[in-house]
Amino acid sequence: MARHDDPTPTRRERLSRALRATSKVALGAALVGAGVAHLTVAREEFQAQVPEWVPLDADDVVVWSGWAEIGLGATTLLTWRQPTRARVGTLGALFFLGVFPGNVAQWLERKDGFGLDTDEKRMARLAAQPVLMAWARYAGDPRGA
């Protein structure tokens, strides 16, 4: 039997699966943790980050975004089968894209929060946003859909 016909995964394939699984669990846990923080210990800190141009009450934005993060994180943790897993990864990337304008506003308005007290730190956060988007897609494993 030729190697390409062998259904047994290679060491490299097993490692890749393990890395994706670990990445998926870490992302899901981070999202749930951030969502809980929105609703509890960091609520005021998050309220201060809501741009003034958002036409909603800052606390409502924080509460609803916290619930959204908890839901997305839980879904990320619980969804393993394709193609749903890939869809959740895409949804996560879109979520991170959706909060990007708020991060831009924090930089433009020079709002301090979460240790982001310089323009350089706020810019680094902006640069990290595509990394978060890629992380969500990677964890969703769109290749397996």
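Up top is the structure these notes are about.
The structure reproduced in this document is the subject of the present report. Bear in mind the structure is a predicted one, so any value in this text is a computation, not a measurement.

1. Concerning a nonpolar patch on the surface
- A cluster of nonpolar side chains, namely Leu15, Leu19 and Tyr138, defines an oily patch on the protein surface of about 280 Å² accessible area.
- Relative to the assigned elements, Leu19 resides in helix α1 (residues 11-39).
- Classification of Leu19 by relative accessible area gives partly exposed; the value is 47%.

2. Comments concerning the packing of α1 against helix α3 (residues 58-78)
- For the pair α1 and α3, interaxial distance at closest approach is 7 Å and the crossing angle is 160 degrees. Accordingly, the angle class assigned to the pair α1 and α3 is roughly antiparallel. Read as a crossing pair, α1 and α3 show a hand that is left-handed.
- Classifying every residue of the contact of α1 with α3 by side-chain character gives 14 nonpolar, 8 polar and 2 charged.

Criteria and cut-off values
Residues numbered from 1 in each chain as written. Predicted model: local features only at pLDDT ≥ 70, side-chain atom pairs only at ≥ 80, totals over all residues. Heavy atoms only, no water. Patch = residues over 30% accessible without salt bridge, like charges linked within 9 Å, V, L, I, M, F, W, Y side chains within 5 Å. Areas by Shrake-Rupley, 256 points an atom, 1.4 Å probe, with all protein chains shown as cover. Salt bridge = Lys/Arg side-chain N within 4 Å of Asp/Glu carboxyl O. Helix = DSSP H or I, 4+ residues; strand = E, 2+ residues; numbered from the N terminus. Buried < 20%, exposed > 50% of the residue type's maximum accessible area, 1.4 Å probe, protein only. Axes fitted to C-alpha atoms, helices over the stretch in contact; angles between N-to-C directions. Parallel < 35°, antiparallel > 145°, perpendicular 65-115°, else oblique. Left-handed = near helix turned anticlockwise from the far one by under 90°. Nonpolar A, V, L, I, M, F, W, Y, C, P; charged D, E, K, R; others polar.

Any link to function would need more than the numbers given here.
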